[in-house]
Amino acid sequence: MKIINIKHPYDKNKIIDEDIVLILGFFDGVHLAHQHLIEAGVRVAKEKNLKAALMTFNRRPKIVYEKVPGGIYTNLTQFTQKAERIEDLGVDILYKVFFNSELGNLPPEDFVEDYIVKWNAKVVVAGYDYTYGKPEIASMDHLPLHAKGRFEIIKIGEERRAGETISSTRIRQYIEEGKMKKANEMLGYPYETLGFVIHGDARGRELGYPTANVHSHPYTLLPKNGVYAVYLTVKGKRYPGMASIGYNITFKDEKKLSVEVNIFDFDEQIYGDDVKIEWIAYLRPELKFNEVSELIKQLDQDELDSRKILERNAGKD
């Protein structure tokens with residue numbers, strides 16, 4: 001898959017000079033509904049013997065139009081994760097567009113002209129809720145007016161699971177509540193976060209549970225504080241383990257949130273290495289223990305619970 005970075009106003013020489021099927025969306029999480037939409041676009045491209053191209057943005061367009069609650073601009077997927085999943089779905093060309101006020105305030109007819117027609121799109125595939133400007137003037141209901149018959153439009157409807165619409169917003173809510181089973185079912189895969197390993201206080205080793213302290217990507221949405229059954233991938237290998245998100249309240253109640261992973265049956269130095277954590281199941285909240293022996297007893301139970309959960313999960317990978 002070819003990845004092309006675009007910043008408005010763009011260099012026309014960067015645009016692939018051949019007819020395409022253009023798939024539109026931000027695709028945060030590349031969840032099940034996104035996957036089916038992208039697959040529909042790829043299928044149409046094959047039927048018409050055209051390249052399947054997908055346009056997404058470097059950040060959520062919402063930040064241009066409104067203040068995000070809490071001022072926290074996190075994503076379900078970083079661009080590298082998103083690109084990998086999009087490529088796996090069969091897309092030929094990925095346009096990554098830098099989104100700012102200049103692009104966000106472009107009149108909808110200009111957006112259609114510059115980012116659809118001039119990109120040689122013969123078919124546009126997008127979700128029912130896709131917008132290319134302010135919703136009241138640039139929704140999928142307005143697209144036929146701006147298209148003027150120059151390209152075909154395929155609008156993909158909502159997708160539901162267990163009576164709920166699959167959406168990035170709903171998945172974010174579940175992750176923030178620690179409801180990983182529900183989040184992962186809508187994603188179609190275990191929720192993943194990226195980071196790298198840094199030095200900690202080495203207290204886990206003293207307790208018999210050494211941990212990898214993970215510095216997460218700055219725009220990562222972390223699950224709610226607590227203990228989880230996880231997988232950690234480092235140096236291309238995937239290991240079972242358990243992770244804690246919290247403030248080490250038993251020892252010093254830190255102000256800075258930490259992510260620590262005890263990797264089962266593992267004894268290697270991985271400081272500075274990039275890692276991926278897959279969040280499988282929430283076990284319990286972060287607890288404050290009066291005695292170290294109480295903490296160790298709980299960690300023993302956490303490991304037992306995590307191993308059981310991951311063994312059951314292994315057949316689903």
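First things first, this report covers the structure right here in the doc. Since we're looking at a predicted model, the values are computed, not measured.

All right, on to the overall build of the protein chain then. Across its full length, the protein chain carries 10 helices and 14 strands. C-alpha atoms of the protein chain, sized along the principal axes, occupy 70 × 40 × 40 Å. Classification of the 317 residues of the protein chain by burial places 48% in the buried group. A fraction of 72% describes how many contacts in the protein chain between residues 6 or more apart in sequence connect residues 24 or more apart. Taken as a whole, the protein chain presents about 16,300 Å² of accessible surface, with 48% of it coming from carbon and sulfur. Averaging the locations of the 45 positively and 48 negatively charged side chains of the protein chain gives two centres separated by 2 Å.

Owing to its 3.6 residues per turn, the α-helix aligns residues three or four sequence positions apart on the same side. Listing the buried residues of helix α7 (residues 168-176) in full gives Ser168, Ile171, Arg172, Tyr174 and Ile175. Projected down its long axis, α7 shows its buried positions confined to an angular sector of 160°, all on one face. Looking at the packing, one finds that the buried side of α7 touches α1 (32-47), β8 (164-165), α8 (180-187) and β9 (191-198). After α7 finishes, the residue Gly178 shows a positive phi value of roughly 75°.

What follows is about the packing of α7 against α8. Interaxial distance between α7 and α8 falls to 8 Å at its minimum, and their mutual angle equals 155°. It follows that α7 is roughly antiparallel to α8 by the angle criterion. Considering the relative orientation of α7 and α8, their crossing is left-handed. Judged by residue contacts, Arg170, Ile171, Tyr174 and Ile175 of α7 engage Met180, Lys182, Ala183, Met186 and Leu187 from α8.

Here the structure, examined in full by the defined rule, presents 16 salt bridges. Residue Asp114 pairs with Lys118 through a salt bridge whose shortest N-O separation is 3.4 Å. With a relative accessible area of 19%, Asp114 lands in the buried category. Classification of Lys118 as partly exposed rests on a relative accessible area of 47%. Each member of the salt-bridge network shares a partner with another, and the members are Arg85, Glu192 and Lys276.

Turning next to the packing of aromatic side chains. Applying the stated criterion to the full structure yields 10 aromatic pairs. Judged by centre distance (6.0 Å) and plane angle (70°), the ring pair of Tyr10 and Trp119 falls under edge-to-face. With Tyr10 in the loop between β1 (2-7) and β2 (20-24) and Trp119 in the loop between α5 (108-115) and β5 (121-127), this pair connects stretches of sequence that are 109 residues apart. Like Trp119, Tyr10 is buried. With 6.1 Å between their ring centres and 25° between their planes, Phe111 and Tyr132 make a pair best called stacked. Of the two residues, Phe111 is situated in helix α5 and Tyr132 in the loop between β5 and α6 (143-147); the sequence distance between them amounts to 21 residues. Judged on exposure class, the residue Phe111 and its partner Tyr132 are both buried. Members of the aromatic cluster, joined through ring pairs, are Tyr10, Tyr95, Phe111, Tyr115, Trp119 and Tyr132. Above the plane of the ring of Phe264 lies Arg307, whose end atom (NZ or CZ) is 4.4 Å from the centre.

In this structure, Pro9 follows His8 across a cis peptide bond, with omega equal to -10°. Within the element layout of this structure, Pro9 appears in the loop between β1 and β2. The backbone phi angle of Asp265 is positive, close to 55°, even though this residue is not glycine.

Turning our eyes to something else, we now look at a nonpolar patch on the surface. A cluster of nonpolar side chains, Ile63, Tyr73 and Tyr219, forms an exposed patch at the surface whose accessible area comes to about 270 Å². Mapping Tyr219 onto the fold places it in the loop between β10 (212-216) and β11 (226-234). On the basis of relative accessible area, Tyr219 is assigned to the partly exposed category, the value being 45%.

The subject of this paragraph is the pairing of strand β3 (residues 51-57). By the criterion of burial, β3 is predominantly enclosed, with six of the seven residues buried. Across five bridges, β2 lies against β3 in parallel orientation. Bridging from a neighbouring strand, Ile20 pairs with Lys51 of β3. Viewed along the sheet, the connection from β2 through α1 into β3 turns out right-handed. Sheet topology places β3 next to strand β4 (residues 93-98); five bridges connect them, and they run parallel. Of the residues in β4, the one forming a bridge with Phe57 is Val97.

What counts, and where the lines are drawn
Residues numbered from 1 in each chain as written. Predicted model: local features only at pLDDT ≥ 70, side-chain atom pairs only at ≥ 80, totals over all residues. Heavy atoms only, no water. Helix = DSSP H or I, 4+ residues; strand = E, 2+ residues; numbered from the N terminus. Buried < 20%, exposed > 50% of the residue type's maximum accessible area, 1.4 Å probe, protein only. Contact = heavy atoms within 4.5 Å. Areas by Shrake-Rupley, 256 points an atom, 1.4 Å probe, with all protein chains shown as cover. Lys, Arg positive; Asp, Glu negative; His and termini not counted. Charge placed at Lys NZ, Arg CZ, Asp CG, Glu CD. Arc of directions from axis to C-beta. Axes fitted to C-alpha atoms, helices over the stretch in contact; angles between N-to-C directions. Parallel < 35°, antiparallel > 145°, perpendicular 65-115°, else oblique. Left-handed = near helix turned anticlockwise from the far one by under 90°. Salt bridge = Lys/Arg side-chain N within 4 Å of Asp/Glu carboxyl O. Phe/Tyr/Trp six-rings, centres within 6.5 Å; stacked < 30°, edge-to-face > 60°. Lys NZ or Arg CZ within 6 Å of the ring centre and 35° of its normal. Patch = residues over 30% accessible without salt bridge, like charges linked within 9 Å, V, L, I, M, F, W, Y side chains within 5 Å. Pairing = 2+ DSSP bridges. Right-handed = clockwise from strand over helix to strand, strands pointing away.

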